[in-house]
Amino acid sequence: KNMRLFKDILRLLIITFILHVLWENIQAPLYLGYSTFYQHILSCLAATLGDVIFTLAVDLGIGLLKEDFAWISRLNKKDIIVLSVVGLFFAVGVEWRALLFNRWSYAEAMPIIPYFKIGLAPILQMIFLLPLSFWLTKLLSMKRS
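What you are looking at is a predicted structure, and each value in this text was computed from that prediction instead of being measured.

Participant: When you look at the overall build of the chain in this model, what are you seeing that I'm missing?
Facilitator: Each helix and strand in the chain was counted, giving 4 helices and 2 strands. The globule rule puts the C-alpha radius of gyration for 145 residues at 15 Å, and the 16 Å found for the chain is close to it. By its C-alpha atoms, the chain is 50 × 35 × 20 Å across when sized along the principal axes. For the chain, with 145 residues in total, the buried portion stands at 37%. Within the chain, residue pairs in contact and separated by at least 24 positions form 70% of the contacts whose partners lie at least 6 positions apart. Looking at charge distribution, the chain has the averaged site of its 14 positive side-chain charges lying 8 Å from that of its 9 negative ones.

Laid out in structure tokens, this is it:
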């Protein structure tokens, strides 16, 4: 049972890394200062590492709340919605903080969410990729069982 849990967490981390490193690099031109893929690969990898750590924290947090660390194998529609909402709030917080402390700025191409004045791409990233990571992990885990 512990080995299956370890494998699920490892799958989650790998899936999360792949999805987020792709997204981070695709959206990089939407930020000011972007010039080439090679110049920004390290900052995209750093952002991806943050995404992976956040996903692991969410997994742990939900496992604690459910008192079930193998909860991914029972992932349901309600969990997907909760993950999307958690991703939304996290992304909004990260964007507001980063803009407040001038960690980054948006290029003209970045679609901006009115009122919130934050970029749409990083918000969509967490709304969709956080639950997708868990769903794909569940699918792979079921195939390996």
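Participant: It is not clear to me how the nonpolar core should be interpreted in this structure. Could you clarify?
Facilitator: Burial of nonpolar side chains together is a common tendency in soluble globular proteins. V58, W71, L83, M110, L130 and F134 are the most contacted members of the largest nonpolar core, which totals 20 residues. At the level of elements, α2 (37-66), α3 (77-100) and α4 (120-144) are the ones that each hand at least two residues to this core. The greatest single-element share of this core, amounting to 5 residues, is contributed by α4.

Participant: Looking at this structure, I do not really get a nonpolar patch on the surface. What am I missing?
Facilitator: Nonpolar side chains collect at one region of the surface, where M3, F6, L10, I14, F17, I18, L22, I26, L42 and L45 lie side by side and expose about 1000 Å² of accessible area between them. Listing elements by their share of the nonpolar patch, those giving two or more residues are α1 (2-27) and α2. The element best represented in the nonpolar patch is α1, accounting for 8 residues. With respect to the helices and strands, the residue I26 is situated in helix α1. Taking the relative accessible area as the measure of exposure, I26 reaches 66% and is therefore exposed.

Cut-offs used in this document
- Residues numbered from 1 in each chain as written.
- Predicted model: local features only at pLDDT ≥ 70, side-chain atom pairs only at ≥ 80, totals over all residues.
- Heavy atoms only, no water.
- Helix = DSSP H or I, 4+ residues; strand = E, 2+ residues; numbered from the N terminus.
- Rg over C-alpha atoms; globule rule 2.2 N^0.38 Å.
- Buried < 20%, exposed > 50% of the residue type's maximum accessible area, 1.4 Å probe, protein only.
- Contact = heavy atoms within 4.5 Å.
- Lys, Arg positive; Asp, Glu negative; His and termini not counted.
- Charge placed at Lys NZ, Arg CZ, Asp CG, Glu CD.
- Core = buried A, V, L, I, M, F, W, Y, C linked by side-chain atoms within 4.5 Å.
- Patch = residues over 30% accessible without salt bridge, like charges linked within 9 Å, V, L, I, M, F, W, Y side chains within 5 Å.
- Areas by Shrake-Rupley, 256 points an atom, 1.4 Å probe, with all protein chains shown as cover.
- Salt bridge = Lys/Arg side-chain N within 4 Å of Asp/Glu carboxyl O.

These results come straight from atomic positions and should not be treated as a statement about function.
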